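Structural overview
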Amino acid sequence: MAQLGLIGLGKMGFNMRERLRAAGHEVVGYDRNPDVTDSTSLEDMVSKLDGPRIVWIMVPAGEPTRQTVAELGNLLSEGDLVIDGGNSKYTDDRINADLLATKKVGYLDCGVSGGVWGKDNGYGLMVGGAASDVEKAMPIFDALRPEGPRDEGFSHAGAVGSGHYAKMIHNGIEYGMMQAFAEGFELLEAAKVVENVPAVIKGWQRGTVVRSWLLDLLVRALDEDPELDDLEGYVEDSGEGRWTLEEAINNAVPAPVISAALFARFASRQEDSAAMRAVAALRNQFGGHSVKKAGD
């Protein structure tokens, strides 16, 4: 049995705690929400752990994670280990690792995929850091990953930063796959040739080359709302798609699918696009094409 301190008990962290406990591990969680926390503060959480300690962070990327790492640096001892399982940008990991190294505390970055379904299905894990630290935390990783061969749900990607880099690219790919399914759905709906769009998409779940978990989730959504009328077509992005494109530019790697998927999300947030107003104006100017006046 392993022992773990877990900071951040939101949707992902809460379910991870449940999965770890179901596997027989002891988890001491800390969250600002008094309804879910196991401890009153970070200091209280650390005091409940036996050394050498392992502490897993599941808080929002950026300043919240950096502050948490800094606080842990003042609370932990030589030989302890911190794992950042959030969606931090990979460039933050070296900074966090160097800070903790001054305290002789180890650091791993872990990209986690699986969403709210991970509690039952397991989480895909991509880890960066020293092999000795990875081995120290392997009982935790084995409990969180899906059942089956370890190398099909877990990877030691390389040095510090590589785990979050791998997760960033994973999410960029996810953007493209989601957009392809979304565009296919809209085309099926718009053409009116297919009379039962949900049935067609459900029929792709077995035997086709596009079968996937994302397709299964689309089928589930259509079962609940066949035309998706209950939703507004407004889509946020959590950062990884932008970072993936930055890396594509830095490495001169063409990524037209991922870039188009990200820009489609931007377009979803525009109630009235200034760019498209300009396009309409230009078509009217050079070709006399009809335009729709504001307020019509």
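These notes cover the structure that comes with them. Treat the numbers as computed from the prediction; the structure is a model and nothing was measured.

Brief notes about the sheet that holds strand β6 (residues 124-128)
Strand order in this open sheet of seven strands is β2-β1-β3-β4-β5-β6-β7, and the pairing throughout is mixed. On the outer flanks of this sheet lie β2 (26-30) and β7 (154-158), each paired with one strand and no other. Between one strand and the next, the sheet's axes are offset by a mean angle of 25 degrees, whatever the strand orientation. Strands in contact with helix α3 (residues 63-75) are β1 (3-7), β3 (54-57) and β4 (81-84); relative to β3, the strand with the most contacts, it is inclined by about 165 degrees. Along the sheet face, helix α8 (residues 162-191) touches β4, β5 (106-113), β6 and β7 and points at about 15 degrees away from the line of β5.

Topic: helix α13 (residues 274-287)
Given 3.6 residues to a turn, an α-helix orients residues that are three or four positions apart in the same direction. Helix length check: α13 (14 residues) gives 20 Å between terminal C-alpha atoms against 20 Å at 1.5 Å per residue, within 8%. Where α13 begins, the capping side chain belongs to S273, and its oxygen is found 3.3 Å from the backbone nitrogen of A275. One or two residues past the end of α13 sits G288, with phi positive at roughly 65 degrees.

Structural notes on the nonpolar core
What tends to happen in soluble globular proteins is that the nonpolar side chains get buried as a cluster. Judged by nonpolar contacts, the single largest core of 27 residues is most densely connected at W56, I83, L108, C110, L125, F141 and L144. At the level of secondary structure, the elements contributing two or more residues to this core comprise β1, α1 (11-22), β3, β4, β5, β6 and α7 (138-144). Not counting chain neighbours up to four residues away, the residues in contact with L108 comprise L81, V82, I83, D84, V127, G128, G129, A130, D133, V134, A137 and F141. Core analysis: the second largest hydrophobic core is formed by 18 residues, I7, V59, V69 and L76 among them.

Here we look at the pattern of salt bridges
For the coordinates displayed, the defined rule picks out 18 salt bridges. Notably, a salt bridge pairs D142 with R150, separated by 2.7 Å at the nearest N-O pair. Relative accessible area serves as the criterion here: at 27%, D142 is assigned to the partly exposed category. With relative accessibility at 36%, the residue R150 sits in the partly exposed group.

Re unusual backbone geometry
The residue after G51, namely P52, is reached through a cis peptide bond having omega -10 degrees. For P52, the location among the structural elements is in the loop between α2 (42-47) and β3. Unlike most non-glycine residues, K104 shows phi in positive territory, near 60 degrees. Along the chain, the position of K104 falls in the loop between α4 (90-101) and β5. Looking at K104, the relative accessible area reads 56%, which means it is exposed.

Brief notes about the environment of D216
Residue placement: D216 occurs in helix α10 (residues 213-224). On the basis of relative accessibility, which here comes to 31%, the residue D216 falls in the partly exposed class. Here the alpha-carbon distance between D216 and K202, two residues 14 residues apart in the chain, equals 7.8 Å.

Considerations on the packing of α8 against helix α12 (residues 256-268)
The contact between α8 and α12 brings their axes to 8 Å, and the two run at 70 degrees. The orientation of α8 with respect to α12, classified from their angle, is roughly perpendicular. The segment α8 lies against α12, with G172, I173, Y175, G176, M178 and Q179 engaging V257, I258, A261, L262, A264 and R265. Residue classes in the contact of α8 with α12 are distributed as eight nonpolar, three polar and one charged.

Reading guide: rules and limits
Residues numbered from 1 in each chain as written. Predicted model: local features only at pLDDT ≥ 70, side-chain atom pairs only at ≥ 80, totals over all residues. Heavy atoms only, no water. Pairing = 2+ DSSP bridges. Helix = DSSP H or I, 4+ residues; strand = E, 2+ residues; numbered from the N terminus. Axes fitted to C-alpha atoms, helices over the stretch in contact; angles between N-to-C directions. Contact = heavy atoms within 4.5 Å. Expected span 1.5 Å × (residues − 1). Polar contact = N/O pair within 3.5 Å; in protein donor to acceptor, adjacent residues only side chain to side chain. Core = buried A, V, L, I, M, F, W, Y, C linked by side-chain atoms within 4.5 Å. Buried < 20%, exposed > 50% of the residue type's maximum accessible area, 1.4 Å probe, protein only. Salt bridge = Lys/Arg side-chain N within 4 Å of Asp/Glu carboxyl O. Parallel < 35°, antiparallel > 145°, perpendicular 65-115°, else oblique. Nonpolar A, V, L, I, M, F, W, Y, C, P; charged D, E, K, R; others polar.

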